[in-house]
Amino acid sequence: MARPLIQMALDSLDFDQTVALAEQVAPHVDIFEIGTPCIKHNGVNLVKALRAKFPDKLLLVDLKTMDAGEYEATPFYAAGADICTVLGVSGLATCKGVIKAANAHGAEAQIDLINVSDKAACARATAEAGAQIVGIHTGLDAQAAGDTPFGDLNDIARLGLPVRISVAGGIKQSTVQDVVRAGANIIVVGAAIYGAPSPAEAAREIRELVDAV
Ligand SMILES: O=C([C@H](O)CO)[C@H](O)[C@H](O)COP(=O)(O)O
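Residues numbered from 1 in each chain as written. Predicted model: local features only at pLDDT ≥ 70, side-chain atom pairs only at ≥ 80, totals over all residues. Heavy atoms only, no water.

Keep this limit in mind: UniProt positions are given in the numbering used here, feature names are shortened, and annotations may be inferred rather than shown by experiment.
The name an unreviewed UniProt entry gives the protein is 3-hexulose-6-phosphate synthase, with Crenothrix polyspora as the organism. Turning to the protein, the UniProt annotation filed under Sequence similarities (unreviewed entry) states: "Belongs to the HPS/KGPDC family. HPS subfamily." Under the heading Catalytic activity (unreviewed entry), UniProt records this for the protein: "D-ribulose 5-phosphate + formaldehyde = D-arabino-hex-3-ulose 6-phosphate".

Laid out in structure tokens, this is it:
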């Protein structure tokens, strides 16, 4: 299996703090995720700023698109996004719209399985429609209620679909190696890095743990 990628979730609302955090952790991560609250607050100009500052990093825009897939995602791919997310609960037509926009820009679409009731069926259908990545995702509110993404990760990995699997939802130093072993190709980490006394040091630890598996 290819080396798993580490995705840093940039979840601040502040434009300058987001760029500063990206600078601190850049040596240790592969993908910068502009989180949903952050992209809603700052818009496409933040995509352009990060693209210009980090030409060698992958850039994921966590749009969590729910309708008008092609129309909504197109300007973000045009601004330099490598990956945009679309909600699996939006339905196949919207997912296909984002996949179409991704393909038009030589980029990728990620289907976020958050709150999808039949995750296996959604992953199968969207993989067949050409999605490159499916995301197992326990959101911040579900985490607060005690949920984790680990069971769903095992279920989706077992399907052996021709997609990369991303996993998000409270991943930290003590759990990151388990998600690699369970078959995650992209490991998303937010609070365990940005909430640490030294985000750079936390990102370095995560990198070492992932590479040691
Ligand atoms: O996507 C996220 C969340 O739903 C807000 O949009 C987070 O970026 C993602 O969950 C990763 O953050 P942590 O769970 O804090 O690692």
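**Focus on the nonpolar core**
Stated formally: Here, nonpolar core refers to any group of buried Ala, Val, Leu, Ile, Met, Phe, Trp, Tyr and Cys residues whose side-chain atoms link them within 4.5 Å. Throughout, exposure labels follow a simple rule: accessible area from a 1.4 Å probe, protein chains only, divided by the maximum for the residue type, with under 20% read as buried, over 50% as exposed, and the rest as partly exposed. It only takes one pair of heavy atoms within 4.5 Å for two residues to be counted as in contact.
Grouped together as the largest cluster of nonpolar side chains are 64 residues, with contacts concentrated most on Phe32, Leu50, Val61, Tyr77, Leu113 and Ile187. Look past the residues within four positions of Leu113 in its chain and what remains in contact with it is Lys119, Cys122, Ala123, Val134, Gly135, Ile136 and Ile156. Core analysis: the next-biggest nonpolar cluster, separate from the first, contains five residues, Ile31, Leu60, Ile83 and Ile133 among them.

**Structural notes on the site of the ligand**
The condition is simple: Any residue with a heavy atom positioned within 4 Å of a molecule or strand is treated as near that molecule or strand. Polar contact is the term for a pair of N or O atoms within 3.5 Å; when the atoms are in protein, one must be able to donate a hydrogen and the other to accept it, and sequence-neighboring residues count only if both atoms are side-chain atoms. Where accessible areas are quoted, they stem from the Shrake-Rupley method and a 1.4 Å probe; at the residue level, only the protein chains shown are allowed to cover. Numbered from the N terminus, helices here are DSSP runs of H or I no shorter than four residues, and strands are runs of E no shorter than two. Each residue is assigned to one of three groups, with Ala, Val, Leu, Ile, Met, Phe, Trp, Tyr, Cys and Pro labelled nonpolar, Asp, Glu, Lys and Arg labelled charged, and all others, Gly among them, labelled polar.
Close contacts around the ligand come from 16 residues, with Asp11, Gln143, Gly170, Gly190 and Ala191 the closest. A distance of 2.8 Å is found between an oxygen atom of the ligand and a side-chain nitrogen or oxygen belonging to Asp11. Between Gly170 and the ligand, the recorded distance is 2.8 Å, taken from a backbone N or O atom to an oxygen atom. Burial of the ligand by the surrounding chains reaches 95%, relative to a free accessible area of 400 Å². For the shell around the ligand, the elements supplying multiple residues, two or more each, are helix 2 (36-42), strand 3 (58-65), helix 7 (140-144) and strand 8 (186-189). Tallied by class, the residues present in the shell around the ligand amount to six nonpolar, six polar and four charged.

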